[in-house]
Amino acid sequence: MGQVRPIAPPALPRAPIGRVQLAVEKKSAFCYLPLTIAERLGYFAAEGLDVQVRELSEPGHALQALLSGSVQALSGPYSLAIRLQARGQAFPSIVLQGRAPQLVLGVSRKTMGAFRDVRDLRGRKVAVTAMGSASQRLTQVLLANARLDSDAVQYVPMSSPSAAVAAFRSGQIDAICYTDPVITQLEQDGGLRVVADTRTVRGNAEVFGGPMPAGCLSVSAEYLADNPSECQAMVNAVVHALKWLQTAGPSDINKTVPESYFSGDRALYLAAFSRAREAWAPDGLMPESGPQNVARVLERFDEGAAPKKLDLALTYTNTLAQKAKARFRA
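Residues numbered from 1 in each chain as written. Predicted model: local features only at pLDDT ≥ 70, side-chain atom pairs only at ≥ 80, totals over all residues. Heavy atoms only, no water.

(A) Examining the environment of Ile17 more closely. Among the structural elements, Ile17 can be located in the segment before strand E1 (18–24). Classification of Ile17 by relative accessible area gives partly exposed; the value is 33%. As a C-alpha pair, Ile17 and Val297 span 280 residues in sequence and 39 Å in three-dimensional space. Not counting chain neighbours up to four residues away, the residues in contact with Ile17 comprise Glu47, Gly48, Leu49, Ser229, Glu230 and Ala233. (Helix = DSSP H or I, 4+ residues; strand = E, 2+ residues; numbered from the N terminus. Buried < 20%, exposed > 50% of the residue type's maximum accessible area, 1.4 Å probe, protein only. Contact = heavy atoms within 4.5 Å.)

(B) Fine view of the side chain of Ser93. Checked against the element boundaries, Ser93 lands in strand E4 (residues 93–96). Owing to a relative accessible area of 2%, Ser93 belongs among the buried residues under this scheme. Not counting residues up to four positions away in its chain, the partners in contact with Ser93 are Tyr78, Cys216, Leu217, Ser218, Met286, Thr315, Tyr316 and Thr317.

(C) Geometry of the sheet that holds strand E7 (residues 154–157). Reading across from one edge, E7-E6-E8-E5-E9 is the order of the five strands in this open sheet, with mixed pairing throughout. The strands lining the two open edges of the sheet, one partner per strand, are E7 and strand E9 (192–197). Between one strand axis and the next, the sheet turns through 25° on average, direction left out of account. In this fold helix H6 (residues 161–170) packs onto strand E5 (104–108), strand E8 (175–178) and E9, with an angle of close to 160° to the strand it touches most, E8. (Pairing = 2+ DSSP bridges. Axes fitted to C-alpha atoms, helices over the stretch in contact; angles between N-to-C directions.)

Here's what the structure looks like:
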């Protein structure tokens, strides 16, 4: 393939501000696509910022890099900011990438053809990305909404998307709570019946009762105070990317997203992208009730968080995103 060109002429680079090391666990994940867009279209450079993205795929390594100071920013779930604040550590979100977790719970038409509601999952095998993951928490929320205990199902951790697809197709698992493109692939196969879908604003509200902030950029409170220009530049670039994503079509994605993200199936990726569009934040702003909703879920299903000790105002700031929103009319 030839060199990727920006969809629209990028702004001229500003005077250099500095370099930022940014960690992410899985860069190709749909929830962090705004980060890739900002990088590929030169939005960071247009802000005078040299952002070095480090993909640390081992679980927890990206967070440890942030905590140790070897990176200045983390592209990760907003829930981490709450967990850290519960431990007395301030690593606020400075811009929101996703307003919904983009997770879907579906059941197998092969093994659960007579499925009526979530209560039918009792005793069944449910694939999740990992124990303690957002996909397990979503399953627990749905079970609780149906007045079932969290251990009413057998959780089967499957970090490999291909293994999850194979297990579902063969009937080794009865249900799956996963992200795209796995879910879209199983939908296209015809073997998946969607039960709960947080790729849409409406579906997310049906599960959680309101917004459930997901992917964001986090930095330490000290870094934010000492490096306001770098932080504003990062936020500007991400909000610019979020605005681009609101109207991007298949041809735009084809030209901009790295070939490796397609995993050999460009059509599947594009189909999944169209389903995920609503889940990205339109302007980078944290929704008013979002932090409380995340804290409530963590309080109930995550032993690592203690919401009663939390000051949620220390887990995010909208100040930088508001400036970026005004600038880009996002």
